[in-house]
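Observations on the three-dimensional arrangement
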Amino acid sequence: MFDQLVAKLPVGICVVDEQYRLQYLNAFFLDRMRPDQRHNYLQQPLISIFPEQAKFLTRRIKSVFVLQHPSFSYWEQRAHIFPFKSSRPITGEETQMYQNMEIVPISGPSSEQKLACIILQDVTAQASYLMAQQELASALKQEHTAQRKLIKKLDSAQSQLIQAEKMASTGQLAAGIAHEINNPIGFVTANLATLKDYSEQLLNLCDALADKLQVTSPSLAQFSAQTMDTYHYELLKEDISPLVDESCEGLNRVRDIVENLKQFALEESTGWQLFNLHETTQQLVKLVGAQYKAPVYKVSCNPPNLQIFCEPASIKQALTNILINAAQSIKCKGFVKIDIRATAQRVSIKVIDSGVGISAENIKKIFDPFFTTKPEGMGQGLGLSVAYTAIEKHKGKIIANSNPGRGTVVEILVPVVHPEQRHECAEPLGGS
Amino acid sequence: MSTESVLTADQRDALQELMNISMGQAANSLAHLIETKIGISIPKIASVTPEQLFSMISEQADAYYTRQSFLGDIQGEVMSVVSQQGLCEVGALLEYDAPLSQTDIQEIILELSNILAGACLAGLSAQLALGTNLNMPTLFSPRKANFEEFQWSNSLVMEVQFDIEISSFSMRVVFCLDDASLDRLTQTLDELLG
Ligand SMILES: Nc1ncnc2c1ncn2[C@@H]1O[C@H](COP(=O)(O)OP(=O)(O)OP(=O)(O)O)[C@@H](O)[C@H]1O
Ligand SMILES: [Mg+2]
């Protein structure tokens, strides 16, 4: 009865003697062996029938004989000891059987005969569940990290949007202030011109009086000379006109800056229109130069006062971003040159700087949103990707070339569009 | 750590002696198997709280851990602390090809724990004429948390350290007994003491 029981057990039973020769195999083993091996396995060396893990099996069986103590092996460390097949319950496909093995010392019929019994368990189901679960877990983990990254990007995009919003309202504010400043500047300028006249006349008056006294009344002339001395008349006369001139000049500069600010801040005219690229670029350089003072700026345009038909807001945006990058690339000394050229077909705007440059590895990524090498909080890595989108809108392209340590050239190329072709290019205008 | 509360001096001495003999046998079997000299420390016997057990187990940096329960006349758990140092040499003794893969290392640790814990337990059971069966070992990493969740407040532990002469490898085996088994053990010791 026990023989039948052992034969039918759902685990593999294999008994070997101290010479590793097979003494018994149950049906679990026999069913999975070649027919020719099935019938005359008795007294065959175990490893001649199962050579796959010969070294391992021999060592483990030896340990059992020497120590008279069970030995264990798990599928996690050694999945397949005997070359049996099993079906994977998840996919249903046949695979190598995953096995747990235990070898226990037993004694033979004559109790001094030492035997070792290999008990083999098919744990394919368990193993494949576990592996599927692990795969799932690692997929989940990957997804999780990807999501974390996305969330971080979203966060930074949001703060960028807030920043943009702020900039927009700062722009509005600047426009408002510019307008307010313009009025007083107007009358201060006018008044100053009048004051200049008045002061000249006053000086003339004094000089005329002094001259006359010199001739008519030497005593009064003496008095007038003394009084003039007391009030430092000569100094006043010398100083007054350069002072007024300097003030006029200062006022002119203030008016220029306000004018530029207004031009940019009041840029509400989205949509396609003719636009003076040369002049705008010069204004832009003034604005950027006010903030980044290290480089020397130079603008050249051929033909001068080039007008192009485009969407000014986005072109300005692109140019600003590229210009700021160039300016930021110069740490203490250097130049930023903007070279505009137009042919009948296309316009090229080259922004050339003598700054730190971009490594070959980074240059592939500079147009990617959020790619930045600037310290946290300094750059969002959006400048060039925004520029890229803007230029793409104009069916143009941006090319960057750099020589690390020497400088960078970023070139915008846009096709020339004529106003009558407007409907063919980019999006239709809202409302028109 | 003290033993007074659980064992009398006589019981303690007797157990110490039995441990010496059985651990020596264990070391001999292992030495025979891997054909290398093996040194053993004098077994330590103590009564510990879970926290003490935790610090005992985890005082060694760079170690692998396994545990394995045993059932029978006395029941409990064996924990093995296997040094990471010198494991390669041991792998070579066990006929593993260098370099060892992660699964090779796991297999070696499990096998070593099984061999030593098994040999120790077998020796001790034989000396005490008690029957025990060791279950398969599993890898684990001790965390304070799982020790704090232990259901007992005091347990008898027996600890022994094995060193392999040719390398810096060492391994500690810690036996823990539950209360019922402790009674059984003291009873048996008393019988032996007559
Ligand atoms: N002229 C340049 N010289 C050197 N590096 C440049 C230049 N232009 C771009 N880069 C590099 O390309 C990166 C991406 O530029 P981009 O304008 O997209 O983002 P940013 O300047 O870092 O941040 P943001 O413009 O959003 O403030 C920069 O961080 C910088 O490393
Ligand atoms: Mg930028």
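Up top is the structure.
Residues numbered from 1 in each chain as written. Chains lettered and ligands numbered in written order. Predicted model: local features only at pLDDT ≥ 70, side-chain atom pairs only at ≥ 80, totals over all residues. Heavy atoms only, no water.

Some details on the overall build of chain B
If you tally the helices and strands in chain B, you get 6 helices and 8 strands. The order of helices and strands in chain B, counted from the N terminus, is α-β-β-α-β-β-α-α-β-β-α-β-β-α. Expressed as a percentage of the 194 residues in chain B, the buried residues total 52%. Counted over contacts in chain B with a minimum sequence separation of 6, partners at least 24 positions apart contribute 73%. Working note: accessible area of chain B is about 8600 Å², and carbon and sulfur atoms make up 48% of it. (Helix = DSSP H or I, 4+ residues; strand = E, 2+ residues; numbered from the N terminus. Buried < 20%, exposed > 50% of the residue type's maximum accessible area, 1.4 Å probe, protein only. Contact = heavy atoms within 4.5 Å. Areas by Shrake-Rupley, 256 points an atom, 1.4 Å probe, with all protein chains shown as cover.)

Thoughts on a nonpolar patch on the surface
There is a patch of nonpolar side chains on the surface, built from Met-1, Phe-2 and Leu-5 of chain A and spanning about 410 Å² of accessible area. Along the polypeptide, Phe-2 of chain A turns up in helix H1 (residues 2-8). (Patch = residues over 30% accessible without salt bridge, like charges linked within 9 Å, V, L, I, M, F, W, Y side chains within 5 Å. Salt bridge = Lys/Arg side-chain N within 4 Å of Asp/Glu carboxyl O.)

What to know about the pairing of strand E12 (residues 346-353) of chain A
For a regular strand, the rule is simple: side chains alternate between the two faces of the sheet. All names here are of chain A. Most of E12 sits out of view: 6 of its 8 residues are buried. For strand E11 (residues 334-342) and E12, the ladder comprises 7 bridges, and the chain directions are antiparallel. Bridging from a neighbouring strand, Asp-339 pairs with Lys-350 of E12. Count of turn residues in the E11/E12 antiparallel hairpin: 3 residues. Pairing between E12 and strand E14 (residues 407-415): 8 bridges, direction antiparallel. In the strand pairing of E14, Lys-350 is matched with Glu-411. (Pairing = 2+ DSSP bridges.)

Focus on the packing of aromatic side chains
Residues and elements named next belong to chain A. Applying the stated criterion to the full structure yields 12 aromatic pairs over all chains. Between Phe-82 and Phe-84, the ring centres sit 5.9 Å apart and the planes meet at 20 degrees, which makes this aromatic pair stacked. The pair Phe-82 / Phe-84 is uniform in exposure class, with both members buried. Through a chain of ring-to-ring contacts, three or more aromatic side chains come together here, namely Phe-28, Phe-29, Phe-50, Phe-82 and Phe-84. Above the plane of the ring of Phe-56 lies Arg-78, whose end atom (NZ or CZ) is 3.9 Å from the centre. (Phe/Tyr/Trp six-rings, centres within 6.5 Å; stacked < 30°, edge-to-face > 60°. Lys NZ or Arg CZ within 6 Å of the ring centre and 35° of its normal.)

A closer look at the side chain of Asn-26 of chain A
All names here are of chain A. Along the polypeptide, Asn-26 turns up in the loop between strand E2 (22-25) and helix H2 (27-30). Separated by 3.1 Å, the side chain of Asn-26 and the backbone oxygen of Val-6 make a polar contact. Setting aside chain neighbours within four positions, we find Asn-26 in contact with Val-6, Ala-7, Leu-9, Val-11, Gly-12 and Ile-13. (Polar contact = N/O pair within 3.5 Å; in protein donor to acceptor, adjacent residues only side chain to side chain.)

Examining unusual backbone geometry
Residues and elements named next belong to chain A. The linkage connecting Asn-302 with the following residue, Pro-303, adopts the cis geometry, with an omega of -5 degrees. Position of Pro-303 relative to the elements: it lies in the loop between strand E9 (295-302) and strand E10 (307-310). For Gln-68, which is not a glycine, the phi torsion comes out positive at approximately 55 degrees. Along the polypeptide, Gln-68 turns up in the loop between helix H5 (54-67) and strand E3 (71-73).

Comments concerning the pairing of strand E13 (residues 397-403) of chain A
Residue and element names in this part refer to chain A. For E13 and E14, the ladder comprises 7 bridges, and the chain directions are antiparallel. If you follow Ile-399 over to E14, its bridge partner there is Glu-411. In this antiparallel pair of consecutive strands, E13 and E14, the connection spans 3 residues, and Gly-405 shows a positive phi of 90 degrees.

Topic: the nonpolar core
All names here are of chain A. Counting 77 residues, the largest nonpolar core has Leu-46 and Phe-82 as the members making the most contacts within it. If near-sequence neighbours (up to four positions away) are discounted, Phe-82 is found in contact with Phe-29, Leu-46, Phe-50, Leu-57, Gln-99, Met-101, Ile-118 and Leu-120. In terms of nonpolar packing, the next biggest core, distinct from the first, is built from 37 residues, Leu-306, Leu-323, Ile-330 and Ile-366 among them. (Core = buried A, V, L, I, M, F, W, Y, C linked by side-chain atoms within 4.5 Å.)

Brief notes about the sheet that holds strand E6 (residues 99-107) of chain A
Residue and element names in this part refer to chain A. Taken together, the 5 strands give an open sheet; going across it, the order is E2-E1-E7-E6-E3, and neighbouring strands pair in antiparallel fashion. The outermost strands of the open sheet, each flanked by one partner alone, are E2 and E3. Averaged over all adjacent pairs, the angle separating strand axes in this sheet is 20 degrees, with direction ignored. Note that E6 and strand E7 (residues 114-122) share 9 bridges and pair antiparallel. Residue pairing in the sheet places Glu-102 in a bridge with Ile-119 of E7. (Axes fitted to C-alpha atoms, helices over the stretch in contact; angles between N-to-C directions.)

Description of the environment of Leu-384 of chain A
Residues and elements named next belong to chain A. Along the polypeptide, Leu-384 turns up in helix H12 (residues 383-393). Take Leu-384: its relative accessible area is 11%, and that puts it in the buried class. Each C-alpha atom, one on Leu-384 and one on Asn-325, is 8.7 Å from the other, the two residues being 59 residues apart in sequence. Excluding its chain neighbours within four sequence positions, the residues that come into contact with Leu-384 are Ile-322, Asn-325, Ile-366 and Phe-367.

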